[in-house]
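Here are the chains, one letter per residue:
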Amino acid sequence: MAYMLEGRTGAWEVVVGLEIHAQIISESKLFSGASATYGGAPNAHVSFVDAGFPGMLPVINKECVAQAVRTGLGLKAEINLFSRFDRKNYFYADLPNGYQISQFAHPIVGTGQVEIELQDGTLKQIGITRLHLEQDAGKSMHDQHASKSVIDLNRAGVALMEIVSEPDIRSPEEAGAYLRKIRQIVRYLATCDGNMEEGSMRADVNVSVRKPGEPFRTRCEIKNVNSVRFVMHAVEAEALRQIDVWESGGEVVQETRLYDPSRGETRSMRSKEDAHDYRYFPEPDLLPLILEQDWVDQLKASLPELPDEKRERFCRDYNIPFYDAGVLVAEQATADFYETVAKGRDGKLAANWITGDFFAAMNRTGKSIDNPPASAAAMGELLDLIADKTINGRIAKDVFEAMVETGKMPAAIVEEKGLRQVTDTGAIDEAVAKVLAANQDKVAEYKAGKEKLFGFFVGQVMKAMAGKGNPAIVNEAVKKQLG
Amino acid sequence: MSIFDLTIAAAAKKLAAKDLSAVELTTAYNKAVAALNPRLNAYITATPDLALEQAKAADARIAAGTATALTGIPIAMKDLFCTAGVRTTAASRILEPFIPPYESTVSAKLRDAGAVVLGKANLDEFAMGSSNITSAYGPVENPWKRNGSDAKLVPGGSSGGSAAAVAARIALAATGTDTGGSIRQPAAFTGLAGIKPTYGRCSRYGIVAFASSLDQAGPMARNVEDCAILLNAMAGFDDKDSTSAPREVPNFTAALSRGVKGLKIGIPAEYRLEGTNPDILALWDKGIAWLREQGAEIIDISLPHTKYGLPVYYIVAPAEASSNLARYDGVRFGLRVEGEDLIDMYERTRAAGFGSEVKRRIMIGTYVLSHGYYDAYYLKAQKVRNLILKDFTDAFTKVDAILTPTAPSAAFGLGEKMDDPVTMYLNDVFTVPASLAGVPAMSVPAGLSADGLPLGLQVIGKHFDEETVFAVSAAIENAAGFSALPEVRAK
């Protein structure tokens, strides 16, 4: 079902496009040798180039270019062997040069495509318009001094990729799924850490509404939204606002807006009339960026396996459902963890354990896949103990809990606690006989036709054996003794 | 013969022979600066103590046998080159308190070669001008006088302080920068040789930017040979400037004696402009004759888009300047005039810090880049710039070098041509096309006007073929035998 918002005049369709700013992972900044790492004392990572001193010139950082190309390849996008930098001119205290070096007319990456998956399992293609390289600005802080603003230029000049989508997104859910997908891809590629809290990934959200079948109406841009949840909320809040404007006989004006998460609404930042005239022109301090096809091919050959391919391979190689594979590849580290556990073992069982008890334990203990509640080696060993029938599935759960609690390896726990599965038919027969003798009335009911009681007898036997009985042999023995 | 008559080449010989010490030479120049600069205003900042220290180091280097052709040679540094620890103003109030913590690549190369820097030479504010009257530190007086007149003349610009200092012999040579003629026109106005090398030949790192796609550093000196010696030290690839060319620097002095026999020299019809001083047209004809006599083949050529040079230049250069000068905002360095808020601080700082010519160009540049005007002005200008470049590349399929006048007039009076900026801009009519095309061009002193002022001829060469430019310039220099001296000079 397509997502629609009901207004007084009927259903409205929401149209969304995202511009994602993703900070590139690199040692140094886009045009200077200053460190691009997050944090550090204010203005500790600033070169004279970053600070816009007279006579300073930008020199492109090749690694940042490689990162943009890798990302473009990950987005299945066209790599432009010719691209060019432009100056985007505006005055602000944290923009040292009075212009941002960006790519306006000739971006390094052209059109591409990503596939998103919705809650109901629907897959949808979202078009990528372009990806371009640009430098970040510094940070103004207005609350550090009674009458002055202070500036931190650590971030000034750090490389950003701006990833622009087509207006293909039609709901808050799709917007969220798209943003998560982009974040997943850049994390797989290690081109951006995708950390929205630290601001290394943020989105400008373009929203408009229309009656189904209409051409696009005027859009508004919501600047700098910094979480997936806020993006989803902002889309809905802004769409509802626009519907109200249209239905009240008004007209939506093109403007830049801000999302206020505390009030759950967007508000005007500046209208089109006050919009900056950025006076773009080609950056004369830099030559056009010309890439060699060979170099691009080498980058392509060295790309890691991307989430979509990995998901398909997991389905194929480990025979697990598409949905489970999606959960497992969501984070590269989880996928790697799974693969360590599943390799050479029952992939399906491994998937069940990881998405089940393992994830539950991770949430419960507040740990992460990088600092897991049980190591991949331990999980593998646990699966091996199940496979060779040393323990049964029920006992395995107890062993797992002990692993999480003590950090010990499962085999050791099994030995220590004497949890080895009992397959000795003599011992099992004895236990079955005892249970039947103690429940004569139930045996009579069973024989009178109440066959449901079979499970009760098995349960009682397992209980008597402290769960260690081999379930198949116990079943067999109960059946035989009941005649 | 006075110590001030020595060229770089001659002084270097005496220094090597220990007939003269670098300290003696620098001391003489320091004294001459102290005596004449108050009148000429060729230096914004003189650095006699630093110069003396450098001279002592130079003497030590000469004694150690590690001297270069420039060790101990006292020069003036245009105050557009950032010099570590020495105030760098770009002749603007907005940089009055600015002491760079870094050194420009070109000045660093000259220092590494052992050159002694006497001080920072005056210029038009941010190199915007053709007369040196836009400097916030006052105009420069041209040491030359018209016959029988005491009227003050301009030295040309923007490298007017460099030109006046070398002409008046209060520097043995100087660095300049040339965006649309800022080395060549002042060289012509003061009887000096000066070359704007190919765009990309010298690093722009550490040079206060005016128009990035046009700015080039180059030398100004008493003769062509000295320019060649200086350029050899200044030029070369620099990984700190992405537009500098990764090319070997040839030995320019070796090219001086090549001669012009068999060279094809183009004479562009479009440079025979109405309103050009007839003395200059006559000198041009002489220059043609000299080259023909020395075995060059003279070929009439056409550079059909010449007339668009000035309009294109006065769109492209201000456009880049308007952006390059945005960094002078009072936030991080230089002048700040406090205000009510950020915008008010910007406005007060820039209103107080920039002179009227700089403001004019920022406004023109902002206008031509604005939404709705970009296509009609900036984009059109870029297209025409390509046509001008094509004029030259086409011409250079037929000829090895081009000969033209450097400027349409001799030095004019301080206060003349002030009524209308466009009249002033016309000074650059012959120099701007080579700047737009990025090709090397040199002005050589070749004669005097009827009223006794120096005139220059311009030799334009192919991209990265400064060697031919030097060879042709040397041939003209030899034939012209230019030996006149300005009235005001160290003796």
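It should be emphasised that the depicted structure is a prediction, and the values quoted were computed from it without experimental measurement. Each chain has its residues counted from 1, running along the sequence as written. Written order determines the labels here, with chains lettered from A and ligands numbered from 1. The predicted origin of the model limits local features to residues at a pLDDT of at least 70 and limits the giving and counting of side-chain atom pairs to 80 or more, whereas totals for whole chains, interfaces and linings rest on all residues. Note: side-chain values were computed over all heavy atoms of the structure, leaving out hydrogens and water.

**With respect to the packing of aromatic side chains**
Ring pairs are drawn from Phe, Tyr and Trp, using the six-membered ring of Trp, whenever the two centres fall within 6.5 Å, and their geometry is named by plane angle: stacked under 30 degrees, edge-to-face over 60, tilted for the rest. Tallying each qualifying case throughout the model produces 37 aromatic pairs over all chains. Ring centres 5.6 Å apart and planes at 45 degrees place the aromatic pair Phe98 of chain B and Phe333 of chain B in the tilted group. One end of the pair, Phe98 of chain B, is in the loop between strand S2 (74–78) and helix H4 (105–112); the other, Phe333 of chain B, is in the loop between helix H10 (309–324) and helix H11 (342–353), and 235 residues separate them in sequence. For the pair Phe98 of chain B and Phe333 of chain B, a shared accessibility class is recorded, and that class is buried. Summarising the aromatic geometry, the rings of Phe252 of chain B and Phe470 of chain B are spaced 5.4 Å apart at their centres and angled 45 degrees between planes, so their arrangement reads as tilted. Here Phe470 of chain B lies in helix H16 (residues 466–480) and Phe252 of chain B lies in helix H8 (residues 252–255), a separation of 218 residues in the sequence. For the pair formed by Phe252 of chain B and Phe470 of chain B, the shared burial category is buried. Among the aromatic residues, those joined into a cluster by ring pairs are Phe48 and Phe53 of chain A together with Phe98, Tyr102, Phe126, Tyr328, Phe333 and Phe354 of chain B. One cation-aromatic arrangement involves Arg217 of chain A over Trp246 of chain A; the distance from NZ or CZ to the ring centre is 4.7 Å. Only Lys NZ and Arg CZ are tested; either one counts as a charge over a ring when it is within 6 Å of the ring centre and within 35 degrees of the ring normal. Sitting over the ring of Tyr205 of chain B, Lys240 of chain B keeps its end group 4.8 Å from the ring centre. A run of H or I in DSSP counts as a helix once it spans at least four residues, and a run of E counts as a strand once it spans at least two, with each numbered from the N terminus. When a residue's accessible area, from a 1.4 Å probe over protein chains only, is under 20% of the maximum for its type it is buried; when over 50% it is exposed; and in between it is partly exposed.

**Comments concerning empty space enclosed by the protein**
Points on a 1 Å grid, built from protein atoms alone, make a cavity when a 1.4 Å probe fits but cannot get out and make a pocket when they are open with protein on both sides within 12 Å along at least 5 of 7 lines; residues with an atom within 4 Å of a point are the lining residues. Grid points are joined across faces, edges and corners, and a volume is the space filled by probe spheres set on the points. In total, this model carries three cavities of 30 Å³ or more according to the counting rule given. Empty space within the largest cavity amounts to approximately 170 Å³. Residue lining of the largest cavity: 21 residues in total, with Val49, Asp50, Asn97, Ile101 and Gln135 of chain A positioned closest to the centre. In terms of residue class, the lining of the largest cavity is built from eleven nonpolar, five polar and five charged. Estimated volume of the second largest cavity: approximately 60 Å³. Along the walls of the second largest cavity sit 13 residues, with Gly129, Ser130, Ser182, Tyr313 and Asp428 of chain B positioned nearest its centre. For this scheme, ten residues count as nonpolar: Ala, Val, Leu, Ile, Met, Phe, Trp, Tyr, Cys and Pro. Four count as charged, namely Asp, Glu, Lys and Arg, and the remainder, Gly too, count as polar. Its residues assigned to classes, the lining of the second largest cavity comprises four nonpolar, seven polar and two charged.

**Points about the interface of chain A and chain B**
Contact residues are listed per partner, giving 29 residues for chain A and 39 residues for chain B. Here chain A packs against chain B, burying approximately 2,800 Å² in sum over the two surfaces, 59% of which is carbon and sulfur. When the buried area of chain A at its contact with chain B is split by residue, Pro54, Phe91 and Arg279 of chain A rank highest and sum to 22% of it. Salt bridge criterion: a side-chain nitrogen from Lys or Arg within 4 Å of a carboxyl oxygen from Asp or Glu. Linking Asp285 of chain A and Arg204 of chain B is a salt bridge whose minimum nitrogen-to-oxygen distance equals 3.1 Å. Under this definition, polar contacts are N or O atom pairs within 3.5 Å; protein pairs additionally need one hydrogen-donor-capable and one acceptor-capable atom, and for neighbouring residues in sequence, both atoms have to be side-chain atoms. At the boundary of chain A and chain B, one finds 17 residue pairs in polar contact (both at pLDDT 80 or more). Broken down by secondary-structure element, the contributors of at least two residues to the side of chain A that touches chain B are strand S4 (86–89) and strand S15 (281–282) of chain A. When the residues that make up the side of chain A that touches chain B are grouped by side-chain class, the tally is 20 nonpolar, five polar and four charged. In this description, contact between two residues means that some pair of their heavy atoms is separated by no more than 4.5 Å. When two parts are brought into contact, each loses some accessible area as probed by a 1.4 Å sphere; the total of that loss over both is the buried area.

**Description of the packing of helix H12 (residues 425–438) of chain A against helix H15 (residues 471–482) of chain A**
Residues and elements named next belong to chain A. In this analysis, axes come from line fits to C-alpha atoms, helices being fitted only over the stretch in contact, and the angle between any two N-to-C directions falls in the range 0 to 180 degrees. Interhelical geometry of H12 versus H15 gives an angle of 50 degrees and a closest axis separation of 9 Å. One finds that H12 runs oblique with respect to H15. Where H12 crosses over H15, the handedness of that crossing is right-handed. Where H12 approaches H15, its residues Thr425, Ile428, Asp429, Val432, Ala433 and Leu436 are matched on the opposing element by Ile473, Val474, Ala477, Val478, Lys480, Gln481 and Leu482. Considering only residue class, the contact of H12 with H15 consists of nine nonpolar, two polar and two charged. Convention used here: angles under 35 degrees read as roughly parallel, angles over 145 as roughly antiparallel, angles from 65 to 115 as roughly perpendicular, and any remaining angle as oblique. Crossings are classed by handedness, with left-handed meaning an anticlockwise turn of the near helix from the far one by less than a right angle and right-handed meaning a clockwise turn.

**Side note on the environment of Trp353 of chain A**
All names here are of chain A. Looking at the element boundaries, Trp353 is found in helix H8 (residues 347–365). The exposure class assigned to Trp353 is buried, which follows from its relative accessible area of 6%. Separated by 258 residues in sequence, Trp353 and Leu95 place their C-alpha atoms 51 Å apart. Beyond its immediate stretch of four places on either side in the chain, Trp353 contacts Phe358, Met379, Leu382, Leu383, Ile386, Ala396, Lys397 and Phe400.

**A closer look at the sheet that holds S4 of chain A**
Residues and elements named next belong to chain A. DSSP bridges decide pairing: two strands pair if at least two such bridges lie between them. Spatial strand order, S5-S4-S15: three strands in an open sheet with antiparallel pairing. Of all the strands in the sheet, just strand S5 (99–102) and S15 have a single pairing partner and so form its edges. As defined by bridge partners, S4 adjoins S5 across four bridges and the pair is classed as antiparallel. Bridge pairing links Lys88 to Gln100 in S5.

**Points about the state of the cysteines**
Linking two cysteines covalently through their sulfur atoms gives a disulfide. Pairs of cysteine sulfur atoms within 2.5 Å are what we label disulfides. Here the structure, examined in full by the defined rule, presents zero disulfides over all chains. Unpaired in this structure, Cys64 of chain A has its nearest cysteine sulfur neighbour in Cys192 of chain A, at a distance of 12 Å. With no disulfide of its own, Cys227 of chain B has Cys202 of chain B as its nearest cysteine by sulfur position, at a separation of 12 Å.

**Some thoughts on the domain arrangement of chain A**
Per the domain assignment, the segments of chain A are domain 1 (5–298), domain 2 (305–417) and domain 3 (425–482). Here the limits of each domain have been adopted from an automatic or database domain assignment. The straight-line distance from the C-alpha centre of domain 1 of chain A to that of domain 3 of chain A is 66 Å.

**Brief notes about the sheet that holds strand S1 (residues 43–46) of chain B**
All names here are of chain B. With respect to topology, eleven strands assemble into an open sheet ordered S1-S3-S2-S4-S6-S5-S10-S11-S9-S7-S8, the strand pairing being mixed. Every interior strand has two partners, whereas the edge strands, S1 and strand S8 (297–301), have only one. Geometrically, the sheet is characterised by an average inter-axis angle of 30 degrees between neighbouring strands, direction not taken into account. Strands S1, S2 and strand S3 (116–121) of the sheet are contacted by helix H2 (residues 22–40), whose axis makes an angle of about 20 degrees with S3. Lying on the sheet, helix H9 (residues 278–293) is in contact with strand S7 (264–268), S8, strand S9 (401–405), strand S10 (441–448) and strand S11 (454–461); it crosses S9 at an angle near 150 degrees.

**Overview of the layout of surface pockets**
Residue and element names in this part refer to chain A. Considering only enclosed or pocket space, the second largest pocket measures out at about 820 Å³ in volume. Looking at the second largest pocket, it is lined by 27 residues, and the ones nearest its centre are Glu117, Arg180, Arg311, Gly326 and Ala330. Counting residues per element, the ones that place at least two in the lining of the second largest pocket are strand S6 (112–117), helix H2 (172–189), helix H5 (307–318) and helix H6 (322–329). When residues in the lining of the second largest pocket are grouped by element, the largest group, seven residues, is from H2. For the lining of the second largest pocket, a count of residues per class yields twelve nonpolar, four polar and eleven charged. Counting contributing residues per domain, the lining of the second largest pocket is built from domain 1 (5–298) and domain 2 (305–417), each supplying no fewer than three.

**Observations regarding the packing of helix H9 (residues 376–387) of chain A against helix H10 (residues 393–406) of chain A**
Residue and element names in this part refer to chain A. With their axes 11 Å apart at the nearest point, H9 and H10 run at an angle of 160 degrees to one another. Of the possible angle classes, the one that applies to H9 and H10 is roughly antiparallel. Where H9 crosses over H10, the handedness of that crossing is right-handed. Facing H9, whose interface residues are Ala378, Met379, Leu382 and Ile386, H10 presents Ala396, Val399, Phe400 and Met403. Considered class by class, the residues forming the contact of H9 with H10 number eight nonpolar, no polar and no charged.

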